[in-house]
Structure formats: C-alpha cells, structure tokens
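# Close look at the chain arrangement
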Amino acid sequence: MGIRVDLDKCTGCGDCVQSCPFGVIEIVEGKAHISEHCTLCGTCLDVCSYGAISIETAHEAAATDDNHQGIWVFAETRNGNLKSVDYELLARGRELANTLKAELSAVCFGYQISDVEQLIAHGADKVYLIDDPALANHQEDLYLSQFTRLIKEHKPEIVIAGATALGRSFIPRVAAILKTGLTADCTDLEVDTEKRLLLQTRPTFGGNIMATIVCQAKRPQMATVRPRVFKKKAPDNERMGQIIKVDFNKEGVTSRTRLLNFVENLTERVKIEDADIIISGGRGLGKAENFHLMEELAAVMGAAVGSSRAAVDEGWIPYSHQVGQTGKTVCPRLYIACGISGAVQHLAGMQTSDTIVAINNDPNAPIFEVATYGIVGDLFEVVPLLIEKLRDNLL
Amino acid sequence: MDIIVCLKQVPGTTQVKIDPQTNTLVRQGIKNITNPFDTYALEAAIRLKEQYGGKVTAISMGPPQADEMLREAISLGADEAILLSDRAFAGADTLATSYTLARAITKIEKYDLIICGRQTIDGDTGQVGPELAEMLSLPFVAYVSKIEEINNGQMRVQRMIEEGYEVIEAPLPAVISVVKEINVPRLPSLRGITRAKSAVIPAWGAKELDADQDRVGLAGSATRVIKIFFPQRGKRAEILQGSPQSQVASLVTKLRENGLI
C-alpha cells in the first residue's frame with residue numbers, strides 16, 4: 001500500500017518535487033524520495049515523464065452499486081422555516097439532475113414547517129417531509145435515524161447538505177453508518193456524466209489549495225456544501241412536484257442528547273449571512289472600542305458588521321461576526337474591508353462578494369489582490385470621511 | 001474520569017505562501033505543529049482531569065514523526081500517549097481515519113469522554129469527530145465552547161451554532177469536538193518536559209489494532225483526490241488616488257454608479 005518510486009526509472013529530474021503541493025518530495029542521492037507526509041493525492045504521477053511513480057491499491061474501485069438513483073438535497077429548517085442554503089442547494093442540484101437526467105428530491109425534517117411547496121418551486125421533483133413535534137428541537141440523533149432509514153429505503157446516488165453547524169455535525173454520522181464517502185464544505189459541484197461521479201471541489205489548507213474529490217465505489221456519494229457559494233434561483237410557483245409525507249419512525253429511537261436551553265446571539269443587528277452590504281473590520285482597528293467606527297458606517301449604509309479572525313482572536317467582537325475559513329462565508333453585493341490585510345483564510349470567506357472595497361494603509365496587503373476598489377490610507381481618516389459623505393448624500 | 005484526546009500533526013500552514021513564479025507553495029520554514037484546534041481539546045481534557053481526577057490519554061494516527069507531538073502532549077499534562085502508525089494507514093480519508101481511531105479506542109477500553117478539535121487546519125473537514133462517534137455508537141456534540149458540568153455520568157455543555165449557543169445534556173461516554181472559545185491552552189511545565197523525554201509511547205499498527213485491512217488507509221477510503229489546484233484570485237484592485245477627501249469622493253461616485261448605494 002502507498003506510493004512507490006521505481007528507482008530504476010527515476011532520473012532524479014526533480015519535476016515531481018516542483019509539482020508536489022505538499023512539499024514532501026526531495027531528491028536524495030539522485031532519486032526522488034517521498035516522505036511519509038505524502039497524502040497520496042497523485043499529482044506527481046501525472047508530471048513524471050518516466051512513469052517512475054505509482055500508487056498501489058489493494059483492489060481499485062469495486063463495481064458501483066447501480067441500484068442507486070436520483071439526487072437528494074437535505075433541506076434544513078429552523079423553527080419551522082426553511083433556510084436559504086436549501087434554495088442554493090436546490091438551484092445547483094437541479095442543474096446536476098438535468099445533466100444526469102435524474103430526479104431531484106428534497107428531504108425536509110422539522111415541526112410545523114411552512115412553505116414546503118417552495119422546495120418544489122425551487123427545483124425539487126419530490127419532497128420527503130417528516131413534520132413531527134419530536135423533530136422541533138433538531139436533535140441530531142433523531143435526524144440521523146430518520147435520514148439513514150430514508151436513504152437505505154430509497155437509495156439515492158447523490159446526497160448533498162448544507163455545511164452548516166447541523167449539517168457538518170450529523171451528516172458525517174450518516175456517512176459513517178452507510179460506510180460511504182463524504183466530502184466536507186464543498187465550494188463547487190460538477191458531475192461526470194459517463195461515470196456518474198460527483199466531482200466535489202473544496203478548499204483545504206486554510207484555502208491555500210483546492211482539491212477535487214470523488215467517491216468512486218460507494219453509494220450514495222455525499223457532500224456538504226458551504227452556504228452562499230451557489231446562488232439561489234427565482235422560484236417557479238407553477239412547477240409541479242410531489243410532497244410525500246413520511247411518518248416519524250419512533251421505533252427504537254430516542255435522542256441521547258437533550259437540549260436544555262438555547263441562547264440567541266443578540267449582538268448582530270443585521271445577520272451577516274443575509275446582509276446585502278457588510279462592513280468588516282480587522283487588526284488595523286487597533287482596539288475593541290474602534291469597532292464603533294464600523295458600526296457607524298454600517299448604520300449609515302444599512303449594513304451588517306463583519307470581522308477578520310484577528311479581531312475575533314483579540315476579543316474585540318464575538319465569533320458570530322467572523323468571516324473566513326473557520327467563520328462564515330458571505331457573498332454580499334458590497335463588502336468593505338477596513339484594516340484587514342487579507343489572509344488566505346479570510347479571503348476564503350468573502351472573495352465571491354460582488355464588489356469588494358479595501359481600505360488599508362499597507363499598499364502590499366493581499367486584500368488589494370481581490371478587491372474591486374482600493375484606498376491606500378489611514379482608515380481612521382478615511383472611514384469618518386466616508387461616513388460624513390454618505391450622510392450628506394442621504395440628506 | 002478517563003479522557004481520550006485525538007490529536008493530529010499538521011504543517012504549520014499559517015506561514016504558507018504561494019510562489020507567484022512557480023505557482024506552488026513556498027515550503028521553507030514550514031514546521032510540523034499540533035493541529036491548533038486539537039490543542040484546545042487537550043487543554044479541555046487536562047482541566048477536566050484536574051477538576052474530576054482520572055487520566056488523559058492522547059492518541060494520534062500519523063507517521064513516526066508524530067511521536068514528537070505526542071511527547072509535547074505529555075509535557076502539557078497528558079498521562080499517556082499512543083501513536084497509531086503503519087504504512088497501511090497512509091492515504092486515509094476521514095472514513096478510514098475514524099475507523100482506525102475507533103479500533104484504538106476500543107482497544108483502550110476504559111474511557112468516559114473523547115475530545116477532538118473542531119477540524120484540522122490542513123484537511124479542514126471536521127468529519128473525524130462525528131464519524132468516530134458513530135463507529136463507537138456514542139452520543140456526539142459538535143462545536144463545544146464550554147463544559148459546564150459533569151455529574152452522575154452526564155455532561156452538560158454549551159455548543160455553538162449559527163444563531164447562538166445551545167446548552168445540551170448527554171450521557172457519558174460521549175464524543176465532543178471543541179472550538180477555540182473553550183479555553184486558552186497552557187504552556188508545558190519543566191516537570192512535564194522531563195517526563196515527556198522519558199515517556200514510553202507505544203506505536204500500534206494494523207496488527208495491534210486487529211484492524212480490517214480493507215478499512216484502513218487508502219484501501220479503506222471511500223473518497224479519492226483526483227485533482228489539486230490553486231485558487232484563482234481576481235484582478236488587482238483599482239487603487240483610488242488623491243487626498244483622502246478625493247479618494248472617498250471617487251469611491252462614493254463609483255458605488256453610486258454601480259447602484260450599490
């Protein structure tokens with residue numbers, strides 16, 4: 001098992017050293033040596049002109065189970081409302097289903113869920129709905145048992161869910177029970193129509209590297225998808241579809257975890273995930289008190305306040321405002337970054353915003369690489385002027 | 001209270017830059033570190049031991065070099081450490097990794113709580129915690145930001161979700177994943193460093209774990225990476241010139257032209 005260099009074929013040319021995204025190959029005594037940190041990604045196999053590198057596998061890709069059909073979207077709810085990520089997944093799911101000539105179904109759990117027919121208007125052919133008081137608190141043990149049961153019964157070939165706190169917590173458990181592959185936090189999904197493979201692309205290494213991943217032999221192919229990367233489509237209220245009400249199966253199902261209390265985060269005046277405009281502050285603000293500048297600008301523009309990880313780490317603003325790889329991914333029409341240098345992990349969470357404005361005193365800050373407009377200057381001078389100018393404009 | 005902490009050794013990627021000439025990662029000066037999110041898991045375990053007594057065991061699946069990371073865990077306060085290392089484990093995805101960890105934990109036998117970091121900074125999947133819980137048939141709580149109390153075989157924890165936080169109660173044994181808000185990890189003590197030097201860290205391979213060869217490493221992985229590439233960055237910003245006043249004036253004009261204000 002593992003990767004091998006055929007020392008007879010290896011010429012020590014070093015092409016593989018250059019190609020390795022993980023930097024684990026070196027030339028030792030004129031031959032390529034691959035260290036144990038190798039992830040077996042296979043990039044070096046393609047660049048080796050001498051066919052000297054190979055990855056041994058015990059038995060490659062057993063035949064796929066062809067009984068699996070259709071694409072499923074897990075449609076998350078909270079307090080009886082669908083989440084916007086549901087519509088985003090349906091928009092992409094519909095395109096993939098059309099390409100594969102497959103059926104698109106939504107699976108929706110919760111209690112007293114409103115607007116279920118919107119799932120059809122947004123592209124679902126079928127909706128499997130379990131609306132039951134037992135599911136009101138979104139307890140993951142219960143979600144797990146119901147979802148696994150439905151998948152085993154109906155055998156979809158692809159299952160996608162939002163990479164939300166709930167999705168990233170319970171979907172891996174579904175995959176573990178089904179002993180199938182799951183790709184986390186994808187930012188793009190395509191399909192290979194011939195092999196009926198879901199091509200799942202996601203950032204790794206804090207957004208430094210993109211990887212495309214497939215699940216060859218096991219079914220269903222499962223992925224969680226980062227919210228805000230796919231755009232939702234306008235609903236078609238004429239679309240026909242079928243809502244299938246499924247009973248909550250109580251048999252042998254109790255939740256081991258119990259929700260005692262929920263404390264809502266009240267610091268966010270406007271939720272950053274839903275905001276059209278976001279004003280984001282970073283380390284350049286210098287101290288917690290200076291966030292009031294961001295709030296003032298946000299108030300004038302009707303915007304939400306975001307932040308870089310640095311500002312959250314300093315304790316200047318709660319985590320719920322953090323934008324980036326380990327925070328929230330946002331895609332507003334306008335993103336204004338103030339005193340944010342633009343670390344890769346921050347860019348991963350905001351670079352798809354329609355228009356990006358960067359205000360920073362360092363002309364070499366990476367944020368200017370992704371920004372639409374840049375102001376090189378002192379934010380303590382620029383932001384108050386901007387607030388003033390916008391106030392004047394409103395009058 | 002016996003606690004198992006799952007650790008992973010990762011490249012310290014915060015220093016990683018892309019060389020614009022070759023479009024590859026600049027590798028100089030990249031050291032291997034303990035996955036930062038796992039350091040909070042270890043600290044949480046040590047604090048629980050200090051409060052409730054018991055033992056902390058650190059485990060890691062990785063190459064032989066991960067031994068140095070496990071010694072660091074001992075210097076910080078872990079009582080024991082076990083390295084899961086075997087050529088057969090290479091190329092594992094989260095499914096194969098969680099299976100391997102689950103085999104080791106089953107072999108350890110005695111445990112009340114298993115703590116993982118929310119995700120690693122190299123893979124960023126956050127899937128090993130929940131998959132591990134399922135393979136051990138244990139309750140799981142993700143994104144724990146506070147362990148409020150452990151009493152009568154029950155834990156009460158706070159977990160972060162998008163809208164705020166939840167207070168959740170679950171019976172032990174259980175698996176949790178923790179976020180950085182949970183604590184500030186300590187530094188190693190001198191006594192700890194001495195202890196770490198002489199500690200015996202067993203290395204368990206597939207044989208010791210009595211693991212099914214088809215479920216570990218590349219063979220046990222359901223997913224494969226088929227392509228690796230670097231993210232496309234957009235065009236460089238249009239830098240607005242002039243005095244702060246005129247910079248702001250042209251910004252407002254541009255935003256208005258684009259219908260953004």
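Residues numbered from 1 in each chain as written. Chains lettered and ligands numbered in written order. Predicted model: local features only at pLDDT ≥ 70, side-chain atom pairs only at ≥ 80, totals over all residues. Heavy atoms only, no water.

Turning our eyes to something else, we now look at the overall build of chain B. Scanning chain B from N- to C-terminus turns up six helices and 15 strands. Classification of the 261 residues of chain B by burial places 57% in the buried group. Of the contacts formed within chain B by residues at least 6 apart in sequence, a portion of 69% connects residues at least 24 apart. Averaging the positions of the 30 positive and the 31 negative side-chain charges in chain B gives two centres separated by 7 Å. (Helix = DSSP H or I, 4+ residues; strand = E, 2+ residues; numbered from the N terminus. Buried < 20%, exposed > 50% of the residue type's maximum accessible area, 1.4 Å probe, protein only. Contact = heavy atoms within 4.5 Å. Lys, Arg positive; Asp, Glu negative; His and termini not counted. Charge placed at Lys NZ, Arg CZ, Asp CG, Glu CD.)

On to the overall build of chain A, then. Along its length, chain A carries 11 helices and 22 strands. The principal-axis extents of the C-alpha atoms in chain A amount to approximately 70 × 65 × 40 Å. Restricting the contact set of chain A to residue pairs at least 6 apart, pairs at least 24 apart contribute 64%. Of the accessible surface of chain A, which amounts to about 16,100 Å², a share of 47% is contributed by carbon and sulfur atoms. For chain A, the distance from the average position of its 39 positive side-chain charges to the average position of its 51 negative side-chain charges is 4 Å. (Areas by Shrake-Rupley, 256 points an atom, 1.4 Å probe, with all protein chains shown as cover.)

This part covers empty space enclosed by the protein. Evaluation of the coordinates by the stated rule reveals four cavities of 30 Å³ or more. The calculated volume of the largest cavity comes to roughly 250 Å³. Lining of the largest cavity is provided by 21 residues; of these, His138(A), Glu140(A), Leu166(A), Arg159(B) and Glu166(B) occupy positions nearest its centre. When the residues that make up the lining of the largest cavity are grouped by side-chain class, the tally is seven nonpolar, five polar and nine charged. (1 Å grid on protein atoms, 1.4 Å probe; cavity = no way out; pocket = protein on both sides within 12 Å on 5 of 7 lines; lining within 4 Å. Points joined across faces, edges and corners; volume = space filled by probe spheres on them. Nonpolar A, V, L, I, M, F, W, Y, C, P; charged D, E, K, R; others polar.)

This brings us to the interface of chain B and chain A. On the side of chain A, 101 residues touch chain B, which itself brings 92 residues to the contact. Roughly 8,400 Å² of surface becomes buried between chain B and chain A when both sides are summed, with 57% attributable to carbon and sulfur atoms. Area buried by chain B at its contact with chain A is led by Glu162(B), Glu163(B) and Ile228(B), which between them contribute 8% of it. Between the two partners, chain B and chain A, sit seven salt bridges. Two residues, Arg258(A) and Glu169(B), come together in a salt bridge whose shortest N-O distance is 2.7 Å. Our count for the chain B to chain A interface comes out at 34 residue pairs in polar contact (both at pLDDT 80 or more). Ranked by residues supplied to the side of chain B that touches chain A, first place goes to helix H6 (residues 244-257) of chain B with 10 residues. A per-class count over the side of chain B that touches chain A returns 46 nonpolar, 21 polar and 25 charged. (Buried area = accessible area lost by both parts, 1.4 Å probe. Salt bridge = Lys/Arg side-chain N within 4 Å of Asp/Glu carboxyl O. Polar contact = N/O pair within 3.5 Å; in protein donor to acceptor, adjacent residues only side chain to side chain.)

We now examine the packing of helix H3 (residues 94-108) of chain B against helix H4 (residues 128-135) of chain B. Residue and element names in this part refer to chain B. Where H3 meets H4, the axes come as close as 8 Å, and the angle between the chain directions of the two elements is 50°. Between H3 and H4, the angle falls in the class oblique. Judged by the sense of rotation from one axis to the other, the crossing of H3 with H4 is right-handed. Of the residues in H4, those touching H3 at Thr94, Leu95, Thr97, Ser98, Tyr99, Leu101, Ala102 and Ile105 are Val128, Glu131, Leu132 and Met135. Of the residues contributing to the contact of H3 with H4, the split by class is eight nonpolar, three polar and one charged. (Axes fitted to C-alpha atoms, helices over the stretch in contact; angles between N-to-C directions. Parallel < 35°, antiparallel > 145°, perpendicular 65-115°, else oblique. Left-handed = near helix turned anticlockwise from the far one by under 90°.)

Okay, the pattern of salt bridges next. Under the counting rule described, the total for this entry stands at 38 salt bridges over all chains. For Asp122(B), the salt bridge is made with Lys8(B), and the minimal N-O distance between the two is 3.0 Å. Here Asp122(B) is found in the loop between strand S8 (113-117) and H4, whereas its partner Lys8(B) is found in the loop between strand S1 (2-7) and strand S2 (9-11), with 114 residues between them in sequence. Residue class for Asp122(B) comes out buried when judged on its relative accessible area of 8%. Several salt bridges share partner residues, and in doing so they unite Arg92(A), Glu95(A), Asp188(A), Glu190(A) and Lys233(A) into one network.

Looking at the assigned domains, one finds that chain A contains domain 1 (2-56), domain 2 (71-245) and domain 3 (272-394). Here the C-alpha centroids of domain 1 of chain A and domain 3 of chain A sit 43 Å apart. (Domains from an automatic or database assignment.)

Let's shift gears to the sheet that holds strand S15 (residues 238-239) of chain B. Taken in spatial order, the six strands of this open sheet run S19(A)-S18(A)-S20(A)-S21(A)-S22(A)-S15(B), and their pairing is parallel. One side of each edge strand has no neighbouring strand; the edge strands of this open sheet are strand S19 (304-307) of chain A together with S15 of chain B. As paired strands, strand S18 (residues 277-281) of chain A and S19(A) are joined by four bridges and run parallel to one another. Its bridge partner being in S19(A), Gly281(A) is matched across the sheet by Ser307(A). Relative to the sheet, H6(B) contacts strand S20 (334-338), strand S21 (355-360) and strand S22 (373-376) of chain A together with S15 of chain B, its axis offset from that of S22(A) by approximately 170°. (Pairing = 2+ DSSP bridges.)

Formed by 42 residues in total, the largest nonpolar core has its most connected members in Leu42(B), Leu113(B), Ile115(B), Ile147(B), Met155(B) and Ile176(B). For this core, the element with the highest residue contribution is helix H1 (residues 36-52) of chain B, accounting for eight residues. Once residues lying within four places of it in the same chain are set aside, the contact partners of Ile115(B) are Ile3(B), Ile4(B), Val5(B), Cys6(B), Ala41(B), Ala44(B), Ala45(B), Leu48(B), Ile176(B) and Val178(B). Ile279(A), Ala303(A), Ile317(A) and Leu240(B) belong to the second-largest nonpolar core, a separate cluster that totals 36 residues. (Core = buried A, V, L, I, M, F, W, Y, C linked by side-chain atoms within 4.5 Å.)

Cis peptide bonds are those with omega within 30 degrees of zero, and the linkage from Arg219(A) to Pro220(A) qualifies with 0°. With respect to the helices, strands and loops of the structure, Pro220(A) is situated in the loop between strand S14 (209-215) and strand S15 (221-225). At the junction of Leu172(B) and Pro173(B), the peptide bond is cis and its omega measures out at -5° in the coordinates. Along the chain, the position of Pro173(B) falls in the loop between strand S11 (164-171) and strand S12 (174-178). In this model, Gln112(A) sits at a positive phi of 50°, which is unusual for a non-glycine residue. Within the fold, Gln112(A) resides in the loop between strand S8 (104-110) and helix H4 (118-121). Using a relative accessible area of 57% as the deciding quantity, one classes Gln112(A) as exposed. A positive phi is found at Ser137(B), a non-glycine position, where the angle reads about 55°.

Residues and elements named next belong to chain A. Scanning the entire structure with this criterion turns up 10 aromatic pairs over all chains. On the basis of an interplanar angle of 65° and a centroid distance of 5.2 Å, the ring pair of Phe74 and Phe170 is categorised as edge-to-face. Placement of the pair is Phe74 in strand S5 (residues 71-75) and Phe170 in helix H6 (residues 165-178), with a sequence separation of 96 residues. For Phe170, a relative accessible area of 0% puts it in the buried group. (Phe/Tyr/Trp six-rings, centres within 6.5 Å; stacked < 30°, edge-to-face > 60°.)

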